[in-house]
Amino acid sequence: EDKLFNAVSAVVNGANGVLFFTWGHDWPSYKQLPSYEETKKVITVLKDATQGILGNTINVEFSPTNSVKVMAKQGADGKIYIFTLNLSDNSRIITFKNLPNGKYEELGQRTAVNSNLNSISLNFPPWSARILKQKINLNGDLDNNGKIDIFDYNILLQNFTNIFDY
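What counts, and where the lines are drawn
- Residues numbered from 1 in each chain as written.
- Predicted model: local features only at pLDDT ≥ 70, side-chain atom pairs only at ≥ 80, totals over all residues.
- Heavy atoms only, no water.
- Pairing = 2+ DSSP bridges.
- Helix = DSSP H or I, 4+ residues; strand = E, 2+ residues; numbered from the N terminus.
- Axes fitted to C-alpha atoms, helices over the stretch in contact; angles between N-to-C directions.
- Patch = residues over 30% accessible without salt bridge, like charges linked within 9 Å, V, L, I, M, F, W, Y side chains within 5 Å.
- Areas by Shrake-Rupley, 256 points an atom, 1.4 Å probe, with all protein chains shown as cover.
- Salt bridge = Lys/Arg side-chain N within 4 Å of Asp/Glu carboxyl O.
- Buried < 20%, exposed > 50% of the residue type's maximum accessible area, 1.4 Å probe, protein only.
- Phe/Tyr/Trp six-rings, centres within 6.5 Å; stacked < 30°, edge-to-face > 60°.
- Lys NZ or Arg CZ within 6 Å of the ring centre and 35° of its normal.

A. Structural view of the sheet that holds strand S5 (residues 92–97). Strand order in the open sheet made by the three strands is S2-S5-S8, with antiparallel pairing throughout. At either end of the open sheet lies a strand with only one pairing partner, and these are strand S2 (61–63) and strand S8 (120–124). The sheet shows a mean angle of 20° between the axes of neighbouring strands, taken without regard to direction. Taken together, the five bridges between S5 and S8 define a ladder with antiparallel strand orientation. Across the sheet, arginine 92 pairs through a bridge with phenylalanine 124, a residue of S8.

If you want it as structure tokens, here you go:
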């Protein structure tokens, strides 16, 4: 959890990537350290969030605003990514408002949460980080612009190019 907090903190504060390195350990022995599995998990979460890290910043309302840092982006894949830090010594429920209805996946946990009435409320432990990723909309309107058009086809091509090779 500490490595994820540090990685998300770096991204929320402007980093486009994070470098992990082993200090004082050669690589084969590092794989046996307890932190190796945590590092692998963080790398997987960041890989799953890459489209969001490189995406365009969007506004998302949230509360409470004290001791909370949130960065929301719309990735090139059309999905919304919400990077959140609880910078408090206390657990707290953070609510995100005015989101498109639908499902959001908590990266690294593989759990889905629903945006009901355009909001999501999640319990955050002290000094914790989470990344939410909007799950794909399967009604055909992949860019959520209210219509099915060529832009939705382009999103399909970006995400599923190999299915058109058959």
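Picking up after the structure, the text goes on.
B. Spotlight on a nonpolar patch on the surface. On the surface, Ile150, Phe151, Tyr153 and Leu156 cluster together into a nonpolar patch covering about 380 Å² of accessible area. Here isoleucine 150 shows up in helix H5 (residues 150–160). The exposure class of isoleucine 150 is exposed, given its relative accessible area of 51%.

C. Molecular detail of the pairing of strand S6 (residues 102–106). Note that S6 and strand S7 (residues 111–115) share five bridges and pair antiparallel. When the sheet's bridge partners are listed, glycine 102 is paired in S7 with serine 115. Here S6 runs beside strand S9 (residues 128–134); their pairing, made up of three bridges, is antiparallel. Within S9, the position partnered with tyrosine 104 by the bridge is glutamine 134.

D. Structural context of the packing of aromatic side chains. For the coordinates displayed, the defined rule picks out one aromatic pair. Relative to tryptophan 127, the ring of phenylalanine 5 has its centre 5.9 Å away and its plane inclined at 75°; by these criteria the two rings are edge-to-face. Separated by 122 residues along the polypeptide, phenylalanine 5 in helix H1 (residues 2–12) and tryptophan 127 in the loop between S8 and S9 bring together distant segments of the chain. The class of tryptophan 127 is partly exposed, set by a relative accessible area of 41%. Of note, arginine 130 hangs over the ring of phenylalanine 124, and the distance from its end group to the ring centre comes to 4.7 Å.

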